[in-house]
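Architecture and fold: a report
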Amino acid sequence: MSRIGRKIIPLGSGVSIAVKDGAVTVQGPKGKLSTPTVPGIDIAVEDGHIVVSRQNEQKQTKSFHGMMRALIANMVTGVTTGFKKDLEIVGVGYRAQMQGKKLVLNLGYSNPVEFEAPAGIEIALDGPTKLSVAGIDKQAVGQVAAIIRGFRSPEPYQGKGIRYAGERIIRKAGKTGAK
């Protein structure tokens, strides 16, 4: 039995779940999320807990068991507390600013990079070199953070670029000087 799949998911206060028409919908204080279900996986609500089980022992069903449980657990966490990723900008002259809903990044290119967050994602600045991406959908938050990081990935020689908070960049030694 899947170690992750057999764990029960506790429902927080104010969270409701509905399983119908081939989709699981979770609604809570921060919003509403939905994901399609997979054939062969049963989702049941029992006294304040969600139990995910499989109908058979086929390889495909076993593969989807833990995944479905993780997706539902992420939805429950998202509608109760939400998700957040922090990013740091490192480099001389590199900075970020908000212009309305647009994030404008000066990253050493000839023109500033403009990025508008998709619906449901909030970008907040904690100074010119720190920003955070928040939302209720874990996958969307991670994707937006990865897109922003991709505008100028940290390079290994001087460590300049956009990195996740706490990310450790392995540094390389540069050329040795002439004697």
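Residues numbered from 1 in each chain as written. Predicted model: local features only at pLDDT ≥ 70, side-chain atom pairs only at ≥ 80, totals over all residues. Heavy atoms only, no water.

Operational definition: UniProt positions are given in the numbering used here, feature names are shortened, and annotations may be inferred rather than shown by experiment.
The chain is annotated in an unreviewed UniProt entry as 50S ribosomal protein L6 of bioreactor metagenome. You can read under Sequence similarities (unreviewed entry) in the UniProt record for the chain the words "Belongs to the universal ribosomal protein uL6 family."

So, helix α2 (residues 138-150)
As a reminder of what qualifies: Helix and strand definitions here come from DSSP, where helices need a minimum of 4 consecutive H or I residues and strands a minimum of 2 consecutive E residues; each element is numbered from the N-terminal end. In a helix, the anticipated span is given by 1.5 Å times the number of residues less one. Using a 1.4 Å probe on the protein chains alone, a residue whose accessible area is under 20% of its type maximum counts as buried, one over 50% counts as exposed, and one in between counts as partly exposed. Working definition: the arc comes from the directions between the helix axis and the C-beta atoms, pointing outward to the latter.
With 13 residues, α2 extends 18 Å between its outermost C-alpha atoms, agreeing within 8% with the 18 Å of an ideal straight helix rising 1.5 Å per residue. Within the sequence span of α2, burial applies to Val-141, Val-144, Ala-145 and Ile-148. Viewed end-on, α2 has its buried residues packed into an arc of 100°, placing them on one side of the element.

Details of the sheet that holds strand β5 (residues 41-46)
As a reminder, the rule being used: DSSP-based pairing: two strands are paired if at least 2 bridges between them are found. Any two residues whose heavy atoms approach within 4.5 Å at even a single point are treated as in contact. Fitted lines through C-alpha atoms give the axes, limited to the stretch in contact for helices. The angle between two N-to-C directions lies from 0 to 180 degrees.
Strand order in this open sheet of 3 strands is β1-β6-β5, and the pairing throughout is antiparallel. Bordering the open sheet on either side are β1 (9-10) and β5, each of which pairs with just one other strand. The sheet contact formed by β1 and strand β6 (residues 49-54) spans 2 bridges and is antiparallel. Looking across to β6, one finds that Pro-10 is bridged to His-49. Running at roughly 165° to β6, helix α1 (residues 59-80) makes contact with β1, β5 and β6 of the sheet.

Points about the UniProt feature "domain: Large ribosomal subunit protein uL6 alpha-beta" (unreviewed entry) in the chain
In the numbering used here, UniProt assigns the feature "domain: Large ribosomal subunit protein uL6 alpha-beta" (unreviewed entry) to residues 12-82 and 90-164. In the segment residues 12-82, helix accounts for 31% and strand for 41%; the C-alpha atoms at its two ends are 13 Å apart. Regarding residues 90-164, the helix share stands at 17% and the strand share at 40%, and the terminal C-alpha atoms are separated by 11 Å.

Observations regarding the domain arrangement of the chain
Going by this rule: Boundaries of every domain are those given by an automatic assignment or by a domain database. By buried area we mean how much accessible surface two parts lose on assembly, using a 1.4 Å probe and totalling the loss over both. Here, a salt bridge means any side-chain nitrogen of Lys or Arg that lies within 4 Å of a carboxyl oxygen of Asp or Glu. N or O atoms closer than or at 3.5 Å make up a polar contact, with two conditions inside protein: a donor-capable atom paired with an acceptor-capable one, and, for residues adjacent in sequence, both atoms drawn from side chains.
You can read the domains of the chain as domain 1 (4-81) and domain 2 (83-164). Measuring from the centre of the C-alpha atoms in domain 1 to the corresponding centre in domain 2 gives 31 Å. Contacts between the two partners involve 8 residues from domain 1, matched on the other side by 4 residues from domain 2. Roughly 470 Å² is buried in total at the junction of domain 1 and domain 2, and carbon and sulfur atoms are behind 71% of that figure. At the boundary of domain 1 and domain 2, one finds 0 salt bridges. Remark: the boundary between domain 1 and domain 2 carries 0 residue pairs in polar contact (both at pLDDT 80 or more).

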